Amino acid sequence: MSARVVRKVVGYQLRDVLRSRTLMAYGAFFLLATEALLRFTGDDARALLSLTSIVLWVVPLVTLVYGTVYLYSAREFTELLLAQPVGRGQLFAGLYLGLALPLALGVVGGVGLPFLVNGVDDPARRASLAALLLVGTALTAIFTAIAFCIALRFEDRLKGLGAAIAVWLAASVLYDGLVLLIVSVFSDYPLERAVLALTLANPIDLARVALLLQFDISALMGYTGAVFQRFFGGALGTTVVTAALMLWIALPAAIGVRSFHRKDF
Amino acid sequence: MIEIKGLAKRFGALEVLRSVDLTIRRGRVTAIVGPNAAGKTTLIKMILGLTRPDAGAILLDGRDIVRDGDAYRERIGYMPQAPHLPENLTGAEVLAMLRDLRGPAATVDESLIDGLALRPELSKKLRTLSGGTRQKVNAVAAFLFRPDLLILDEPTAGLDPVASGVFKDRVRDARAAGATFIVTSHIMSELEELADDVIFLVDGNVRFAGPLGELKAVTRQDNLERAVAQMMTRGAAA
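All values reported here derive from a predicted model rather than from experimental measurement.

Explain the overall build of chain B to me, please; I cannot follow it from the model alone.
Secondary structure summary: chain B contains eight helices and 10 strands in total. For 238 residues, the compact-globule estimate of 2.2 N^0.38 gives 18 Å, and the C-alpha radius of gyration of chain B, at 18 Å, lies within 12% of that figure. Among the 238 residues that make up chain B, the fraction classed as buried is 45%. Considering only contacts within chain B whose residues lie at least 6 apart along the sequence, 71% involve residues at least 24 apart.

Set out below in structure tokens:
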């Protein structure tokens, strides 16, 4: 009974989102960027590295902004759905997946298709590509959940949109600056543990580390990556990062479910 | 049919409903009227379970809706005020979605689709439809599952006169067949046509609740618009 409701809500919302121009443009952007990088670099490894930065920047931004805007415009329809004999938990699950899945499809399809067409021979590159697609999906899941939290928290959609952009700026721009500042100010002290903790506390940093561990070039890409590699090189590092990413999906999703249950629409 | 006891709701500093007691009778059309921000929409949303009461209870046929779970809404058809539907779905898809949510057991009544001449519009994306046409989709959705309680929030706003007439006939037919209605509207003449009972809310208090004829008698007015206006000015003076 309840699984049917979730499935149906996901199905129809998926259709609605997939037909939106924003989502088509989003998928097309990754498709073009990937194809262009593959052609111009002529080298899978370099294309993947550039794509990593693009994914880390663009996925959180688009997911947050499109997610909150979509949720505000779906507000009245959500009320109509809530007036049906369905539970709020089921409805939240349906709405969440119905938004996260098409967004994830935009990244995975857009980045994955050109590689699929061109073919990837080296198994190590294949693993890197798989990691990139997984991390893109994880970031989508995380920031969709945060978008839900924002849209449920703020009644006013302008405030909500502002909050979404603020979250993105904080996580993708300000946070790194803060980490660097701390590192330079307290450079006389052993900071590894603190930096590790700071990395776990920001999903974008975490995603970056996850990819860098996979690419095995962490020393080139920032302080946190180097520290992480030293501490958690190999299987343990991957496990910790994966677990932390899962936690980053679960935490905002749990907050979202809770406020969806309590909210007065 | 619906018994409301001591219902109170506050949004921050704003008291939207202050200990409201009401009875909504079966098989009748009850109009909720009152100035803006009187608590009409909050009252409706509470009956639907969209908004939770701070205090008090809503009993539907004697059962508390807050404790009763979600199943009671199987009996309710809701027509919300603003017809914001998913813009990239078609009308047919939205109706199919609602049907799928109810499950295969739900019996449907699509007669209003032809009544409102909506059939040719149903295959178009909602984004491309006018506000009035989207409101027709909402109207069909409200009547779709043969509900015995219908909650209509400004139902005819945006409907053209022909559609509005068809819709009101549908309300009368369903009422004659035993359905109960709760309607809000700013169009007093329309409520006068449809309503049996009137609930008059001001600042979250019930100022009047009873049959339409009684409201007119109390205010010594011969139509609802003047009766309500009289109530409002009297309220402002008091």
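Moving on, there is more to tell.
How do you make sense of the interface of chain A and chain B when you look at a structure like this?
The parts lose accessible area when they come together, and the size of an interface is often stated as this lost area. Taken residue by residue, the interface counts 22 residues in chain A and 25 residues in chain B. Elements supplying a minimum of two residues to the side of chain A that touches chain B: helix 1 (2-18) and helix 4 (75-82) of chain A. If you tally residues by element for the side of chain A that touches chain B, the top one is helix 1 of chain A, at six residues. For the side of chain A that touches chain B, the class distribution of residues is 10 nonpolar, four polar and eight charged.

Would you explain the pairing of strand 10 (residues 205-211) of chain B in this entry?
Look at any regular strand and the pattern is simple: side chains alternate between the two faces of the sheet. All names here are of chain B. Here six bridges tie strand 9 (residues 197-202) to strand 10, and the two strands are oriented antiparallel to one another. Bridged to Val 202 within strand 10 is Asn 205. With antiparallel pairing between neighbouring strands as the criterion, strand 9 and strand 10 make up a hairpin whose turn holds two residues, including Asp 203 at a positive phi of roughly 50°.

Explain the environment of Ala 227 of chain B to me, please; I cannot follow it from the model alone.
All names here are of chain B. Relative to the assigned elements, Ala 227 resides in helix 8 (residues 224-237). Classification of Ala 227 by C-beta neighbours within 10 Å gives buried; the count is 25. Measuring from C-alpha to C-alpha, the distance between Ala 227 and Ala 217 comes to 8.8 Å, with 10 residues separating the pair along the chain. For Ala 227, the residues in contact, after removing those within four places along its chain, are Leu 215, Lys 216, Thr 219 and Gln 221.

Looking at this structure, I do not really get the packing of helix 3 (residues 44-73) of chain A against helix 5 (residues 88-118) of chain A. What am I missing?
Helix packing geometry: the angle between the two helix axes and the distance between the axes. All names here are of chain A. In the contact formed by helix 3 and helix 5, the axes pass within 11 Å of each other and the chain directions differ by 155°. Here helix 5 runs roughly antiparallel to helix 3, going by the angle between their axes. As helix 3 packs across helix 5, the resulting crossing turns out to be right-handed. Contacts from Leu 51, Val 55, Val 59, Thr 63, Gly 67 and Tyr 70 in helix 3 reach Leu 99, Leu 103, Val 107 and Val 111 in helix 5. Split into classes, the residues belonging to the contact of helix 3 with helix 5 amount to eight nonpolar, two polar and no charged.

Looking at this model, I keep getting lost on the sheet that holds strand 7 (residues 149-153) of chain B. Mind explaining?
Note: strands within a sheet are paired through backbone hydrogen bonds, in either parallel or antiparallel orientation. Residues and elements named next belong to chain B. Across the sheet, which stays open at both edges, the six strands sit in the order 6-7-8-3-9-10 with mixed pairing between neighbours. Edge positions in the open sheet fall to strand 6 (76-79) and strand 10, since each of these has one partner strand only. Taken over all neighbouring pairs, the strand axes of this sheet differ in orientation by 15° on average, direction set aside. Where strand 3 (residues 29-33) lies against strand 9, four bridges are found, and the strand directions are parallel. Of the residues in strand 9, the one forming a bridge with Thr 30 is Asp 197. Against the sheet, helix 4 (residues 131-143) touches strand 6 and strand 7, its axis set at about 170° to strand 6. Sheet strands in contact with helix 7 (residues 212-219) are strand 9 and strand 10, and its direction is about 115° off that of strand 10.

Looking at this structure, I do not really get the packing of helix 5 of chain A against helix 11 (residues 235-262) of chain A. What am I missing?
Residue and element names in this part refer to chain A. Viewed as axis vectors pointing N to C, helix 5 and helix 11 meet at an angle of 135°, and their least axial separation amounts to 9 Å. Relative to helix 11, the element helix 5 lies oblique. Every pair of crossing elements has a handedness; the one defined by helix 5 and helix 11 is right-handed. From helix 5, Arg 88, Gly 89, Phe 92 and Tyr 96 reach across to helix 11, where they touch Ala 253, Gly 256, Val 257, Phe 260 and His 261.

Is there a simple way to explain the sheet that holds strand 1 (residues 2-11) of chain B in this structure?
All names here are of chain B. Sheet architecture is open: four strands sit in the order 2-1-4-5, paired in antiparallel fashion. Of all strands in the sheet, those bounded by a partner on one side alone are strand 2 (14-24) and strand 5 (63-64). Where strand 1 lies against strand 2, seven bridges are found, and the strand directions are antiparallel. Paired with Arg 10 across the bridge in strand 2 is Glu 15. Sheet contacts for helix 1 (residues 40-48): strand 1, strand 2 and strand 4 (55-60); angle to strand 1, the most-contacted strand, approximately 120°.

When you look at helix 11 of chain A in this model, what are you seeing that I'm missing?
Residues lying three or four places apart along an α-helix face the same way, a consequence of the helix completing one turn every 3.6 residues. Given a rise of 1.5 Å per residue, 28 residues ought to cover 40 Å, and the 41 Å separating the end C-alpha atoms of helix 11 of chain A matches this to within 8%. Of all the residues in helix 11 of chain A, the buried ones are Gly 237, Val 241, Leu 245, Trp 248, Ile 249, Pro 252, Ala 253, Gly 256 and Phe 260 of chain A.

Quick question: what am I supposed to make of unusual backbone geometry here?
Leaving glycine aside, a negative phi is the common case for residues, and trans is the common case for peptide bonds. Residue and element names in this part refer to chain B. Even without being a glycine, Asp 203 presents a positive backbone phi close to 50°. Along the polypeptide, Asp 203 turns up in the loop between strand 9 and strand 10. Within the chain, Arg 220 stands out as a residue other than glycine whose phi angle is a positive 55°. Structurally, Arg 220 is set in the loop between helix 7 and helix 8.

Looking at this model, I keep getting lost on the nonpolar core. Mind explaining?
The tendency in soluble globular proteins is for nonpolar side chains to be buried side by side. Ranked by internal contacts, the top residues of the largest apolar core, which has 149 residues, are Tyr 96 and Ala 207 of chain A together with Val 140 and Ile 151 of chain B. Among the elements that make up this core, the one with the highest residue count is helix 6 (residues 123-153) of chain A (16 residues). For Ala 207 of chain A, the contacting residues outside a window of four places in its chain are Leu 56, Val 135, Ala 138, Leu 139 and Leu 245 of chain A.

When you look at the environment of Ala 210 of chain A in this model, what are you seeing that I'm missing?
Residue and element names in this part refer to chain A. With respect to the helices and strands, the residue Ala 210 is situated in helix 9 (residues 203-215). The spatial distance from the C-alpha of Ala 210 to the C-alpha of Leu 82 is 39 Å, given a sequence separation of 128 residues. Ignoring any residue separated from it by four or fewer positions in sequence, one finds Ala 210 in contact with Ala 131, Val 135, Val 241 and Leu 245.

Conventions we followed
- Residues numbered from 1 in each chain as written.
- Chains lettered and ligands numbered in written order.
- Predicted model: local features only at pLDDT ≥ 70, side-chain atom pairs only at ≥ 80, totals over all residues.
- Helix = DSSP H or I, 4+ residues; strand = E, 2+ residues; numbered from the N terminus.
- Rg over C-alpha atoms; globule rule 2.2 N^0.38 Å.
- Buried ≥ 20, exposed ≤ 12 C-beta atoms within 10 Å, placed from the backbone.
- Contact = placed C-beta atoms within 7 Å.
- Nonpolar A, V, L, I, M, F, W, Y, C, P; charged D, E, K, R; others polar.
- Pairing = 2+ DSSP bridges.
- Axes fitted to C-alpha atoms, helices over the stretch in contact; angles between N-to-C directions.
- Parallel < 35°, antiparallel > 145°, perpendicular 65-115°, else oblique.
- Left-handed = near helix turned anticlockwise from the far one by under 90°.
- Expected span 1.5 Å × (residues − 1).
- Core = buried A, V, L, I, M, F, W, Y, C linked by C-beta atoms within 7 Å.

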